[in-house]
Amino acid sequence: MFRSIFRLIKPLTLGNKTFPLNIIQGPLAGVSCAPFRLLTWRYSQPAFSCTEMISSKTIIYQPALAQQRYIKKDPQEGPVCFQLSGSDPIEIAEATKRVSDYGADLIDLNCGCPVNKIRSKGAGSSLLMNSNKLYQLITAMKQNTNVPVSIKIRVEGGSNDKFNMEIAKVVSEAGADFLVVHGRHWTEHYETPCNHEQIKFFVDNLKIPVIGNGDIACLTSLKQMFDTGCAGVMIGRAGVGQPWLINKLVAQMRNEQFVLPTLDEMGAVFMEHVLMLVELLGSEKLAILQARKFAKYYARELPNRMEFNHAVNECVTLTVLQDLCKNYFSPYTTCPAAHPDDHAH
Ligand SMILES: Cc1cc2nc3c(=O)[nH]c(=O)nc-3n(C[C@H](O)[C@H](O)[C@H](O)COP(=O)(O)O)c2cc1C
């Protein structure tokens, strides 16, 4: 049993690149900019991390904004997959060229975003209903970069394999190097469990590597995703607020001990994340606004996390945030019982 789990962790070859590990940190809008990715790299060394979704129009027509936040890469961070969003093959071709010149290690096209503002422009998950356009977009990317190219999709849900088959066909014919599958339909919220059967469908029907994504947070869910036969896995929300998660999972897979940071260490990482954002965005206010989105993830282990989240939402200055952190992430606070997976293999 231990040996078979151990073997699931292995190098991952995607197109012309091989990564030492088959675990990826996925894209999360509002979170996945350079500070988040740098912390993930420092504590976990995933195969690569993804940028948040970046509109091809922003890259082309607002290069200063794109440089400042969206495509900013830290020299200290590991490999980065730049995720583009758009529906115009000419713009996607140009954006692909620009992010390649900027140092993208891989490039992905968002085909899963369920937000109306994106879908109404023919981008995100609405591309899944337009296979001709999807074909043009993938080929536009392939023709304008030498790095591996992928698309990240949602599944059809229900039992409509015909839809999934059509996507699998387009992805193969257009020459994508790999496919990332989030096992939910675009209309499904996060309470709906990830559909592993549909991820397996893509694994079984494609020759290129498939990366499975959805609900991975512990050893059991990681193993369940690998059971689909996917070549690699992508972690989403669970990686926020615990940049050491991938390292912890790898240690558990190898039956090695992993020492979780203490509460005050967790608080220190949260504050470092915020301070890096202040530097990146050049604004305390903007950094605090962004921090409000991910504070709840750092507070997972806090017994009084609801109170902490509420206090962060009210907070407007860095000094107050620092005091909050000192008080809540105190070494004298008792940590709740660890997740059963922290000890079990
Ligand atoms: C706040 C938030 C922002 C997200 N932003 C993106 C994004 O920019 N691009 C993308 O492809 N997926 C995005 N996703 C989807 C995640 O990458 C991932 O597919 C999804 O959360 C399922 O994985 P998980 O269950 O491990 O979180 C986002 C999800 C959340 C919760």
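Just so it is clear, the model here is predicted, and its values are computed rather than measured.

Student: So what exactly am I meant to see when it comes to the domain arrangement of the protein chain here?
Tutor: Frequently, the measure chosen for interface size is the accessible area removed from exposure when the parts meet. Splitting the protein chain by domain gives domain 1 (2-253) and domain 2 (263-328). A straight line from the C-alpha centre of domain 1 to that of domain 2 covers 27 Å. Taken together, the contact pairs 12 residues of domain 1 with 12 residues of domain 2. For the side of domain 1 that touches domain 2, the residue count by class is eight nonpolar, two polar and two charged.

Student: Just to check I follow, could you spell out the packing of helix α13 (residues 284-298) against helix α14 (residues 305-314) for this structure?
Tutor: Geometry of a packed helix pair, given as the angle between the helix axes and the separation of the axes. α14 packs onto α13 with a crossing angle of 175 degrees between their chain directions and a minimal axis gap of 9 Å. Accordingly, the angle class assigned to the pair α13 and α14 is roughly antiparallel. Here A291, R292, A295 and K296 of α13 lie close against α14, whose contacting residues are N309, V312 and N313.

Student: I would appreciate a short explanation of unusual backbone geometry in the present structure.
Tutor: Phi is mostly negative for residues that are not glycine, and the peptide bonds are mostly trans. Within the chain, Q45 stands out as a residue other than glycine whose phi angle is a positive 45 degrees. Structurally, Q45 can be placed in the loop between α2 (34-44) and β4 (49-50). Even without being a glycine, N255 presents a positive backbone phi close to 60 degrees. You can see N255 is positioned in the loop between α11 (245-253) and α12 (263-281). Judged by C-beta crowding, with 11 C-beta atoms within 10 Å, N255 ranks as exposed.

Student: It is not clear to me how the nonpolar core should be interpreted in this structure. Could you clarify?
Tutor: Within soluble globular proteins, side chains that are nonpolar tend to cluster in buried spots. Membership of the largest hydrophobic core comes to 70 residues, with the highest contact counts inside it found for F82, I107, L179 and V233. For this core, the element with the highest residue contribution is helix α7 (residues 131-142), accounting for five residues. Setting aside anything within four residues of it in sequence, one finds F82 in contact with T51, I54, I71, V99, A104 and I107. One finds C33, A34, L321 and F329 within the second-largest nonpolar core, a separate group that totals 29 residues.

Student: For this particular structure, what's the right way to read the packing of helix α5 (residues 89-102) against α7?
Tutor: Where α5 meets α7, the closest approach of the two axes is 8 Å, and the angle between their N-to-C directions is 25 degrees. Overall, the two elements α5 and α7 adopt an arrangement that is roughly parallel. Every pair of crossing elements has a handedness; the one defined by α5 and α7 is right-handed. Residue-level inspection shows P89, I92, A93 and T96 of α5 in contact with α7, the latter providing Q136, L137, A140 and M141.

Student: Any chance you could explain the pairing of strand β6 (residues 80-85) here in plain terms?
Tutor: The side chains of a regular strand alternate, first on one face of the sheet and then on the other. Burial analysis of β6 places six of its six residues in the buried class, which makes it a mostly covered element. Going residue by residue along β6, you find V80, F82 and L84 tucked away on one face and C81, Q83 and S85 tucked away on the opposite face as well. Pairing of β4 with β6 involves two bridges; the strand directions are parallel. Bridge pairing in β6 places S49 opposite V80. Inspection of the sheet shows strand β5 (residues 54-55) paired to β6 by two bridges, in the parallel sense. Each bridged residue has a counterpart across the sheet, and for S55 the counterpart in β6 is S85.

Student: Please clarify how helix α15 (residues 318-328) should be interpreted in this entry.
Tutor: Each α-helix winds once per 3.6 residues, and so residues spaced three or four apart point in a common direction. L321, L324, C325 and Y328 are the residues of α15 that are buried. Relative to the axis of α15, the buried residues are bounded by an arc of 100 degrees and lie together on one face. Looking at the buried residues of α15, the elements they touch are α12, α13 and α14.

Reading the values: rules and limits
Residues numbered from 1 in each chain as written. Predicted model: local features only at pLDDT ≥ 70, side-chain atom pairs only at ≥ 80, totals over all residues. Domains from an automatic or database assignment. Contact = placed C-beta atoms within 7 Å. Nonpolar A, V, L, I, M, F, W, Y, C, P; charged D, E, K, R; others polar. Axes fitted to C-alpha atoms, helices over the stretch in contact; angles between N-to-C directions. Helix = DSSP H or I, 4+ residues; strand = E, 2+ residues; numbered from the N terminus. Parallel < 35°, antiparallel > 145°, perpendicular 65-115°, else oblique. Buried ≥ 20, exposed ≤ 12 C-beta atoms within 10 Å, placed from the backbone. Core = buried A, V, L, I, M, F, W, Y, C linked by C-beta atoms within 7 Å. Left-handed = near helix turned anticlockwise from the far one by under 90°. Pairing = 2+ DSSP bridges. Arc of directions from axis to C-beta.

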